[in-house]
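Chains, contacts and geometry: an overview
Listed here are the chains, written in short residue letters.
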Amino acid sequence: MAVRKEREPYACGLDAAVDVVGGKWKPMILWALYAGRTLRFGELRRHIPGVSEKMLIQQLRELESDGIVHREVYREVPPKVEYSLTDLGQSLNTALLPLGLWGDQHMEQIVAGKAKGRADGSNGTGKGTGKGTGTRTDKTDTANKAQNAA
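What comes next concerns the included structure. (Residues numbered from 1 in each chain as written. Predicted model: local features only at pLDDT ≥ 70, side-chain atom pairs only at ≥ 80, totals over all residues. Heavy atoms only, no water.)

**Quick word on the pairing of strand β2 (residues 69–74)**
With 6 bridges connecting them, β2 and strand β3 (residues 80–85) associate as antiparallel partners. When the sheet's bridge partners are listed, E72 is paired in β3 with E82. Hairpin connection of β2 to β3: 5 residues between the antiparallel strands. (Pairing = 2+ DSSP bridges. Helix = DSSP H or I, 4+ residues; strand = E, 2+ residues; numbered from the N terminus.)

Below is the structure:
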């Protein structure tokens, strides 16, 4: 599992899980590789619209170092690399399913809240910081998009 850069222990299980799956693209990678699916890099990139090659490589490396994704390199010309989920990755995907369902059920409310926040200059929480709230909803939206694409 990933360890924080500060080398402090995690505060709880959710803290550890968010460290592993945090970011815009990781949930989409997980959904693209669902149910034992094995994809080559180009196939994986096509399943995740908007991700750059550099970002996909970075996110795959992080998931691989956390033991979530397996990278298989075939020594042939041209080189062939395939990605799949480990057992740990499969169990993480299973854990994300309720989050995606929650997002589906509440998407209209989330979008309306974000639109209201943009209209009144706040971040949608009523605190008016103006910083935006994209992080949490982006993860849910990302998971939903990946689930729908797959």
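**Description of the packing of aromatic side chains**
Scanning all chains against the criterion turns up 0 aromatic pairs. Its end group placed over the ring of Y74, K80 keeps NZ or CZ at 5.0 Å from the ring centre. (Phe/Tyr/Trp six-rings, centres within 6.5 Å; stacked < 30°, edge-to-face > 60°. Lys NZ or Arg CZ within 6 Å of the ring centre and 35° of its normal.)

**Section: unusual backbone geometry**
Going from V77 to P78, the amide bond is cis rather than trans, its omega being -5°. Topologically, P78 is positioned in the loop between β2 and β3.

**Describing helix α1 (residues 13–21)**
Note: α-helices contain 3.6 residues per turn, so residues at a spacing of three or four share the same orientation. Buried residues of α1: D15, V20 and V21, and no others. Where α1 is buried, its residues meet α2 (26–32), α4 (53–65) and α5 (87–120). (Buried < 20%, exposed > 50% of the residue type's maximum accessible area, 1.4 Å probe, protein only. Contact = heavy atoms within 4.5 Å.)

**Some points on the side chain of E82**
One can find E82 in strand β3. Engagement of the side chain of E82 in a polar contact is seen with the side chain of Y74, the distance being 3.0 Å. (Polar contact = N/O pair within 3.5 Å; in protein donor to acceptor, adjacent residues only side chain to side chain.)

**Quick notes on the side chain of S84**
For S84, the location among the structural elements is in strand β3. If near-sequence neighbours (up to four positions away) are discounted, S84 is found in contact with L33, R37, T38, I68, V69 and H70.

**Section: the pattern of salt bridges**
This model, assessed by the stated rule, comprises 3 salt bridges. Here E62 makes a salt bridge to K26, at a shortest N to O gap of 2.7 Å. On the criterion of sequence distance, the pair formed by E62 in helix α4 and K26 in helix α2 is long-range, its members being 36 residues apart. The exposure class of E62 is partly exposed, given its relative accessible area of 29%. For K26, a relative accessible area of 3% corresponds to the buried category. Salt-bridge contacts for R45 lead to E53; the nearest nitrogen and oxygen are separated by 3.6 Å. A relative accessible area of 42% means that E53 is categorised as partly exposed. (Salt bridge = Lys/Arg side-chain N within 4 Å of Asp/Glu carboxyl O.)

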